[in-house]
Amino acid sequence: MDDHQLAEPAATPATTLAAAPATATAAPPFLPFALPDIGEEEIAAVVECLRSGWVTTGPTARRFEAAFRDYLGADVQAISVNSATAGLHLALESLGIGPGDEVIVPTLTFTATAEVVRYLGAQPVLVDVDAVTLNMDPRAVEAAITPRTRAIVPVHYAGMACDMDALLALARRHELRVVEDAAHAFPTRYRGRLVGTLESDITVFSFYANKTMTTGEGGMVVVRDPELARRIRLMRLHGISQDAFDRYVSKTPAWFYEVVAAGFKYNLTDIAAAIGIEQLKKIDRFLEQRQRLAARYDEALAGLPLVLPPRPEGDSTHAWHLYVVRLREDAALQRDELIVRLSELGIGTSVHFIPLHRQPYWRDNCVSAPERFPVAEAAFGAMLTLPLYTRMTDASQERVIHALHELLPC
Ligand SMILES: *Cc1c(COP(=O)(O)O)cnc(C)c1O
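Residues numbered from 1 in each chain as written. Predicted model: local features only at pLDDT ≥ 70, side-chain atom pairs only at ≥ 80, totals over all residues. Heavy atoms only, no water.

1. Comments concerning the pairing of strand S2 (residues 102-106)
In plain terms, the rule: Only protein chains enter the accessibility calculation, which uses a 1.4 Å probe; a residue is then buried when its area is under 20% of its type maximum, exposed when over 50%, and partly exposed in between. Helical segments are the DSSP runs of H or I of at least four residues, strand segments are the runs of E of at least two, and each set is numbered from the N terminus. Strands qualify as paired when DSSP identifies two bridges or more between them. Viewed with both strands pointing away, a crossover whose connecting path from the first strand over the helix to the second turns clockwise is right-handed.
Burial of S2 is extensive: five of the five residues sit out of reach of the surface. Burial along S2 is two-sided: Glu102, Ile104 and Pro106 facing one way and Val103 and Val105 facing the other are all buried. Where S2 and strand S3 (residues 123-127) come together, five bridges link them in parallel fashion. Each residue of the ladder has a partner; that of Val103, found in S3, is Pro124. Following the chain from S2 across helix H6 (residues 112-119) to the adjacent parallel S3, one finds a crossover that is right-handed.

Take a look at the structure:
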């Protein structure tokens, strides 16, 4: 099934036909900006899980974790969770972040990156991004470091890795922890190495519906240090000590367990993990399709008054979770108007992201004067995310390209 069939609207009721424009053919179906790619394999795996009688976290989640670690191909542990937000919370908790601590996050991100810092009673400190990559700017990070700074959370915006060499060097120099928000970055290579296998403390991936692979809702925490892994596993499920359980299991009945902390309920179900196992098998094909669509946009949009997404250099790669363009100042339309006009043509777009410093909560609860974020401010005013998903047909993409050429004559 292609995206046209999926997006096909229901037949127009006869009563509204009179008001419709007098065209011979129906309007083309609406193109979403993102769409999950779920096949018969995922459906069969879920059915099998449902029939197995084990639907919460169990053998399938463990298989998913093992497969994910094998994909990364490094000496790390992969710990499945029910969202990347949960994973980021567990990651910072395991590092002992708490009241009085500051954690540096980019302003151009989803609110989850910063909210988890708040969960722990610590203070997110927003910083500006780099004008080319829109990733966290290492110079802005350095300028934001205070004696209270404990950690940095780089976000690999749109699927291209941050300048991790610079950020990791900064972290080493100032004894800071690094938790990568890799919600957009599976799979992404940084200088030949997959994100998730770098020198940071913890990396967190998202399997939300519009990410490069999905489990409906879900995430994966990737960590090297066995002590951090133990704490994350403990807090993932109510603070119930597996160690204590294992130690006593031979001597005591199966009902025995020990609660050693006030933990959370962040485990991934086997139903979701079953989807994840099948999605992971397809991830290289998904990536190729995303790369191909991105390359077609690059070529077809090159002459327009747009700043196209940056290309990774050398042996770094881009996951192409998002294809974000920015309108140049000489463009005939402003961003908001372009979005409306594209929507009228049946083309869905989005904006990633409204910078956190513009959000009411963060405006009141963060250092957030707009003049401190000139790059994010300018980018936000000019950016839009074009449709890109693995099931997108060439014909659908040509509709987007054609519409942009019509609306942005140069
Ligand atoms: C999607 C996203 C998250 C949250 O992921 P969930 O799995 O929905 O919790 C966090 N950070 C960024 C940058 C995201 O885009």
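2. Considerations on the confidence of the model for the protein
To keep things clear, this is the line we draw: What pLDDT expresses is the predictor's confidence in each residue, scored from 0 to 100. Should any heavy atoms of two residues lie within 4.5 Å, those residues are considered in contact.
In this model, the protein carries an average pLDDT of 92, and 91% of its residues clear a pLDDT of 70 or more. By mean pLDDT, the top-scoring element of the protein is strand S5 (residues 177-181) (99), and the lowest-scoring one is helix H2 (residues 14-17) (37). Low pLDDT, under 50, characterises residues 1-22; the predicted model gives this stretch 22 contacts beyond four residues in sequence or across chains.

3. Some words on the site of the ligand
For clarity, the cut-off: Near is defined per residue: the residue qualifies when any heavy atom it owns lies within 4 Å of the molecule or strand. Throughout this description, a polar contact denotes any pair of N or O atoms lying within 3.5 Å of each other; where both atoms belong to protein, one of them has to be capable of donating a hydrogen while the other can accept it, and for residues adjacent in sequence the pair is counted only when both atoms sit in side chains. Each accessible area is a Shrake-Rupley estimate made with a 1.4 Å probe; only the visible protein chains count as cover when residues are assessed. Nonpolar residues are Ala, Val, Leu, Ile, Met, Phe, Trp, Tyr, Cys and Pro. Charged residues are Asp, Glu, Lys and Arg, and all others, Gly as well, are polar.
Near the ligand you find 16 residues, and of these Thr85, Asp181, His184, Ser206 and Lys211 are the closest. Take His184: an N or O atom from its side chain is 2.6 Å from an oxygen atom of the ligand. Starting from 390 Å² of accessible surface for the ligand in isolation, the protein chains cover 93%. Within the residue set of the shell around the ligand, elements represented by two or more residues are helix H5 (84-94) and H6. Of the residues that constitute the shell around the ligand, the class distribution is seven nonpolar, seven polar and two charged.

4. Here's the deal with the domain arrangement of the protein
We apply this condition: Domain ranges listed in this record stem from an automatic or a database domain assignment. Summed over both partners, buried area is the accessible surface (1.4 Å probe) that two parts give up on being assembled. Each reported salt bridge corresponds to a side-chain nitrogen of Lys or Arg within 4 Å of a carboxyl oxygen of Asp or Glu.
In terms of domains, the protein is made up of domain 1 (40-281) and domain 2 (283-407). A C-alpha centroid distance of 26 Å is found between domain 1 and domain 2. With 41 residues of domain 1 at the interface, the matching set in domain 2 holds 36 residues. Taken as a group, Leu126, Met160 and Thr212 account for 18% of the area that domain 1 buries against domain 2, more than any other trio of residues on that side. Across the domain 1-domain 2 interface, the total number found is zero salt bridges. In this structure, the connection of domain 1 to domain 2 is made through 21 residue pairs in polar contact (both at pLDDT 80 or more).

5. A short note on the sheet that holds strand S10 (residues 306-307)
Operational definition: Fitting a line to C-alpha atoms yields each axis, with helices limited to the stretch in contact; the angle taken between N-to-C directions then spans 0 to 180 degrees.
The sheet built from three strands is open, its strands ordered S10-S11-S12 with antiparallel pairing. Bordering the open sheet on either side are S10 and strand S12 (383-386), each of which pairs with just one other strand. Looking at chain direction, S10 and strand S11 (residues 323-327) are connected through two bridges and run antiparallel. Of the residues in S11, the one forming a bridge with Leu306 is Leu327. Here helix H13 (residues 335-344) sits on the sheet in contact with S11 and S12, set at roughly 25 degrees to S12.

6. Here we look at a nonpolar patch on the surface
Operational definition: To count toward a patch, a residue needs a relative accessible area above 30% and no salt bridge. Like charges then connect within 9 Å, nonpolar side chains (Val, Leu, Ile, Met, Phe, Trp, Tyr) within 5 Å.
Together, Ile38, Ile43 and Val47 make up a nonpolar patch on the protein surface, roughly 200 Å² of accessible area in all. As for its placement among the helices and strands, Ile38 is situated in the loop between H2 and helix H3 (40-52).

7. Let's talk about the pairing of S12
Residue alternation in S12 divides its side chains into two sets, Met383 and Thr385 and Leu384 and Leu386, and both sets are buried. Across four bridges, the pairing between S11 and S12 is antiparallel. From the neighbouring strand, Tyr323 faces S12, where its bridge partner is Leu386.

8. Some thoughts on the packing of aromatic side chains
Rule in force here: The pairing test for Phe, Tyr and Trp rings, Trp by its six-membered ring, is centres within 6.5 Å, and the orientation test on the planes gives stacked under 30 degrees, edge-to-face over 60, and tilted for anything in between.
On inspection of all chains with the given rule, the structure shows 14 aromatic pairs. Seen from their ring centres, Phe64 and Phe207 are 5.5 Å apart, and the 50 degrees between their planes marks the pair as tilted. A residue pair is termed long-range when its members are at least 10 positions apart, and Phe64 in helix H4 (residues 59-72) and Phe207 in the loop between strand S8 (202-206) and strand S9 (219-223) qualify at 143 residues. Classification of Phe64 by relative accessible area gives buried; the value is 0%. Considering the side-chain rings of Phe68 and Phe186, the 4.7 Å spacing of their centres and the 25 degrees angle between planes classify their relative orientation as stacked. Separated by 118 residues along the polypeptide, Phe68 in helix H4 and Phe186 in the loop between S5 and strand S6 (189-190) bring together distant segments of the chain. Pair check on accessibility: Phe68 and Phe186 agree, each one buried.

9. Section: the pattern of salt bridges
In total, this model carries 24 salt bridges according to the counting rule given. A salt bridge links Glu65 to Arg233; the nearest nitrogen and oxygen atoms lie 4.0 Å apart. Taken together, the residues Glu65 in helix H4 and Arg233 in helix H9 (residues 226-236) connect sequence positions 168 residues apart. Across the salt bridge formed by Asp101 and Arg150, the nearest N and O atoms sit 3.0 Å from each other. Highlighted residues: Asp101 in the loop between H5 and S2 and Arg150 in strand S4 (residues 149-152), separated in sequence by 49 residues. On the basis of relative accessible area, Asp101 is assigned to the buried category, the value being 13%. Within the structure, one salt-bridge network assembled from shared partners comprises Arg292, Arg296, Asp394 and Glu398.

10. Quick look at unusual backbone geometry
Cis peptide bonds are those with omega within 30 degrees of zero, and the linkage from Phe186 to Pro187 qualifies with -10 degrees. Residue placement: Pro187 occurs in the loop between S5 and S6. Between His352 and the following residue, Phe353, the backbone shows a cis peptide bond with an omega angle of 5 degrees. Following the sequence through the fold, Phe353 ends up in the loop between H13 and helix H14 (360-365). In the Ramachandran plot, Ala158 falls in the positive-phi region, its phi being about 70 degrees despite a non-glycine side chain. Even without glycine at this site, Trp320 takes up a positive phi of about 50 degrees. Turning to its location among the elements, Trp320 is positioned in the loop between S10 and S11.

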